[in-house]
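Geometric and topological summary
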Amino acid sequence: MNSHPTELTELRDMRAQALTGGGQERIEAQHAKGKLTARERLAALLDEGTFQEIGALATHNVNDFDMADKKYPGDGVVAGFGKIRGRKVAIYAQDFTVLGGSFSEVQSHKICRVMDVAVDSGIPIIALIDSGGARIQEGVRSLAAYGELFTRNVMASGVVPQIAVILGPSAGGAVYSPALMDFVIMVRKISHMFITGPDVIKTVTGEDVTFRDLGGTLVHNAKSGVAHLLADDEQQAFLQVKQLLSYLPPNNAEDPRRVEPYDDPQRMDDQLNYLAPEDSTQPYDMRQAIDRIVDRDSFFEIQPYYARNALVGFCRLDGYVTGIVANQPNYLAGVLDIDSSDKIARFVRICDAYNIPLVTLVDCPGYLPGVTQEHYGIIRHGAKVIYAYCEATVPKISIVTRKAIGGAYIAMSSKQMRSDLAFAWPTAQIAVMGPDGAVNILYRRQLAEAADPAALRAEITAQYQSTFMSPYAAADMGQIDEVIEPRETRTRLIAALDVLRGKVSSNPPKKHGLMPV
Ligand code: HXC
């Protein structure tokens, strides 16, 4: 065999140089900020020895502004393919040590390449973001490069899962690719997302704001709703990526992987019979209901800090992945407002896209009344919940645990909106509105003229309650399929989902619907 020592040496040297990114000094600066480098991140997230890199030797255009004397092999992003707990993924990690991870034409080519392969091969895309946004030296070329990336994000949307982990700044154009992906994970202290930074904001609006208060982890997890998970450190963020992937299929043509069942499908939980307090004005924790119903410790909550009046997340039932949507009576009485509507609608669509059946636990007094809610568009945002449930063709089961009042009954996966099965606990209350409001509207004149208005009010309220404050009127009309004991919820759900597993349903042919946004 002939060998070519010169060529091999050259290749080895170039590869070795690519490993150093922006150089030792900048690597140390990255560590000093409490951050791993791009390659350390890939090593921490991927199964050992599985990374196949592409584009390691690609470099930027030396004719760009002030770039003639610079050369960074890989150009600030490490891209390729690998495995996470045995699942194939396409992945890239931006290298902040190279020009602040700024996004260049070459970065775009590399990232788009792995994304194209991911879509063609039906494997998830993972983005590890650490970037100062569009590479300033490239001018319009770096802007055009973002256009290429965004197009890939949108084309991949709903085809393969896309997960972004923000591991440093995600500034300017760097925010929109994560925003177009399915899940955004942020890490305490090191992650910031903003379109324009504090300096520009100070110049334009005069506001003084820190990076943290502008686009820190809590802002985007609890307030803006941009992020879906919060991690204490990078290792926890990688664990969250692994957990998320375990609930998702590799692509929209496959079902999520079932795990070997480890919890008794026949398990009854007597505590559930006592969970909803007799006094229907008293709150309780719906999270407890979920934990008692699903396979032990399998509930993986998404957006736990945002719109806490709604709970969404993945779980397993007899080993099968299932999406859970629930109102949370413990927070704002579980009301549907602008933010919880957005949260629910988005999650329902994610489950529908990835063939994940939906279970909806309903305890909701309705859409939130108020001038602010109306003026900021509760009509438009609330419509998203209706749209998402109507559109979803995956198996859908609802359980009314207590209140399903007015719009909440209809919007939260009602049978009339293509839900497959509707259950109710005996504590369910299904009415157009609560007794006080209803009596005031229907009997305003009689109450005004009554000799004893209080006695008349009490009498009519009692009649109204006996008609509507139980599930039996709805069950009588067939709008609830079965009133069940809370303790048997798990077994009924597992059996019902088993029946629905072969469900075939589709929507009329169209280019796309016009979901209210
Ligand atoms: C080129 C950049 C850069 C950029 C940072 N750098 N951002 N180089 N293009 N966009 C370089 C710095 O010059 C520096 O180079 C190195 O990265 C590290 O940056 P520092 O500022 O020293 O780091 P730090 O103090 O940690 O601050 C990080 C930062 C800050 C917050 C990201 O650099 C920053 O504010 N950058 C600009 C962010 C921004 O406004 N981006 C928007 C771009 S316009 P050296 O050589 O010293 O290591 C855009 C529009 C696209 O993205 C719209 C599409 C829809």
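Scope of this entry: the structure provided in the associated data block. Predicted model only: the values in this text are computed from it and were never measured. (Residues numbered from 1 in each chain as written. Predicted model: local features only at pLDDT ≥ 70, side-chain atom pairs only at ≥ 80, totals over all residues. Heavy atoms only, no water.)

1. Regarding the pattern of salt bridges
Close approach of charged atoms allows side chains with opposite charge to pair. What counts, and what does not: Counted as salt bridges are all cases of a side-chain nitrogen of Lys or Arg within 4 Å of a carboxyl oxygen of Asp or Glu. Under the scheme used here, helices are H or I runs from DSSP no shorter than 4 residues and strands are E runs no shorter than 2 residues, and both carry numbers assigned from the N terminus. Buried residues are those whose accessible area, probed at 1.4 Å on protein chains only, stays under 20% of the maximum for their type, while exposed residues exceed 50% and partly exposed ones sit between those limits.
Scanning the model with the defined rule gives 28 salt bridges in all. Arg-292 is paired through a salt bridge with Asp-269; the nearest N and O atoms lie 3.1 Å apart. In this pair, Arg-292 sits in helix H11 (residues 286-293) while Asp-269 sits in the loop between helix H10 (234-247) and H11, placing the two residues 23 residues apart along the sequence. Given the relative accessible area of 11%, Asp-269 is considered buried. The residue Asp-291 makes a salt bridge to Arg-287 at a minimum N-O spacing of 3.6 Å. Residue Asp-291 and its partner Arg-287 are both found in helix H11; the two are separated by four residues, about one turn of the helix. One salt-bridge network, in which partners are shared between bridges, spans Lys-35, Arg-41, Asp-130 and Glu-234.

2. Points about empty space enclosed by the protein
In plain terms, the rule: Using only the protein atoms, space was sampled on a 1 Å grid; points where a 1.4 Å probe fits but cannot get out form cavities, open sets with protein on both sides within 12 Å along at least five of seven lines form pockets, and lining residues are those with an atom within 4 Å of a point. Grid points are joined across faces, edges and corners, and a volume is the space filled by probe spheres set on the points. All residues other than Ala, Val, Leu, Ile, Met, Phe, Trp, Tyr, Cys, Pro, Asp, Glu, Lys and Arg, Gly among them, are scored as polar; the first ten of these are nonpolar and the last four charged.
Under the counting rule described, the total for this entry stands at four cavities of 30 Å³ or more. Its volume calculated, the largest cavity comes out at about 60 Å³. Considering the residues around the largest cavity, the lining is formed by 13 residues, among which Ala-18, Pro-73, Gly-74, Val-77 and Val-78 are closest to the centre. Class assignment for the residues of the lining of the largest cavity results in six nonpolar, three polar and four charged.

3. Describing the pairing of strand S2 (residues 77-84)
Put simply, the rule reads: For two strands to be treated as a pair, DSSP must find no fewer than two bridges joining them.
With respect to burial, S2 is a largely interior element, seven of its eight residues being buried. Pairing between strand S1 (residues 52-54) and S2: three bridges, direction antiparallel. Within the sheet, the bridge partner assigned to Gln-52 lies in S2 and is Phe-81. Bridging between S2 and strand S3 (residues 87-94) involves eight bridges; their strand directions are antiparallel. Counterpart to Lys-83 in the pairing with S3 is Lys-88. Following S2, the chain reverses through two residues before pairing antiparallel with S3; Arg-85 in that reversal takes a positive phi of roughly 45°.

4. What about the site of the ligand?
Under the convention used in this document: The nearness test applies per residue and asks whether one of its heavy atoms lies within 4 Å of the molecule or strand. Whenever a nitrogen or oxygen atom comes within 3.5 Å of another N or O atom, the pair is scored as a polar contact, on the condition that within protein one atom can donate a hydrogen and the other can accept it, and that pairs from neighbouring residues in sequence are kept only if both atoms are in side chains. Here the accessible surface of atoms and residues is derived via Shrake-Rupley with a 1.4 Å probe, and residues count as covered only by protein chains that are part of the display.
Taken together, 19 residues are adjacent to the ligand, and Arg-26, Gly-100, Gly-132, Ala-134 and Gly-173 come closest. Interatomic distance of 2.8 Å between a backbone N/O atom of Gly-132 and a nitrogen atom of the ligand. Gly-173 places a main-chain nitrogen or oxygen 2.8 Å from an oxygen atom of the ligand. Protein contact buries 57% of the 1000 Å² of open area that the ligand shows by itself. Counting residues per element, the ones that place at least two in the shell around the ligand are helix H5 (140-156) and strand S5 (162-171). Split into classes, the residues belonging to the shell around the ligand amount to nine nonpolar, seven polar and three charged.

5. Considering the packing of aromatic side chains
Remark: the centre distance and the inter-plane angle together describe each pair of aromatic rings, the angle taken between the planes. How we decide: Paired rings are identified among Phe, Tyr and Trp, the last through its six-membered ring, by centres lying within 6.5 Å, and are further divided according to the angle between planes into stacked (under 30 degrees), edge-to-face (over 60) and tilted (the rest).
A complete count under the given rule lists nine aromatic pairs for this structure. Centroid distance Tyr-146 to Phe-150: 5.4 Å. Interplanar angle 15°. Geometry classified as stacked. On the criterion of helical spacing, the pair formed by Tyr-146 and Phe-150 is a turn pair, its members being four residues apart in helix H5. When the ring of Tyr-464 is compared with that of Phe-468, the centres are 4.9 Å apart and the planes differ by 55°; the resulting orientation is tilted. In this pair, Tyr-464 and Phe-468 are both assigned in helix H18 (residues 453-468), four residues apart and thus about one turn of the helix distant. Given a relative accessible area of 11%, Tyr-464 falls into the buried group.

6. Things to note about the environment of Asp-352
The test is simple: Here, two residues are considered to be in contact whenever any of their heavy atoms come within 4.5 Å of each other.
Mapped onto the elements of the fold, Asp-352 is located in helix H12 (residues 338-353). Separated by 160 residues in sequence, Asp-352 and His-192 have C-alpha atoms that sit 30 Å apart. Each residue touching Asp-352, except ones within four places of it in the same chain, is listed here: Glu-391, Ala-392, Thr-393 and Val-394. In this structure the side chain of Asp-352 is engaged in a polar contact, spanning 3.2 Å, whose partner is the backbone nitrogen of Val-394.

7. Overview of helix H16 (residues 435-442)
Counted only if it meets this: Comment: arc refers to directions from the helix axis out to C-beta atoms.
Among the residues of H16, those classed as buried are Pro-435, Ala-438 and Val-439. When H16 is viewed along its axis, its buried side chains cluster within an angular range of 95° and face the same direction. For H16, the exposed residues set more than 90 degrees away from the buried face come down to Asp-436 and Ile-441. Each element contacted by the buried residues of H16 is listed here: helix H17 (444-449) and H18.

8. A few points about unusual backbone geometry
Non-glycine residue Gln-303 carries a positive phi angle of around 50°. Turning to its location among the elements, Gln-303 is positioned in the loop between strand S9 (300-302) and strand S10 (310-317). With a relative accessible area of 4%, Gln-303 lands in the buried category. Despite not being glycine, Leu-332 has its phi angle at roughly 50°, a positive value. Summarising the element assignment, Leu-332 is placed in the loop between strand S11 (320-327) and H12. Classification of Leu-332 by relative accessible area gives exposed; the value is 52%.

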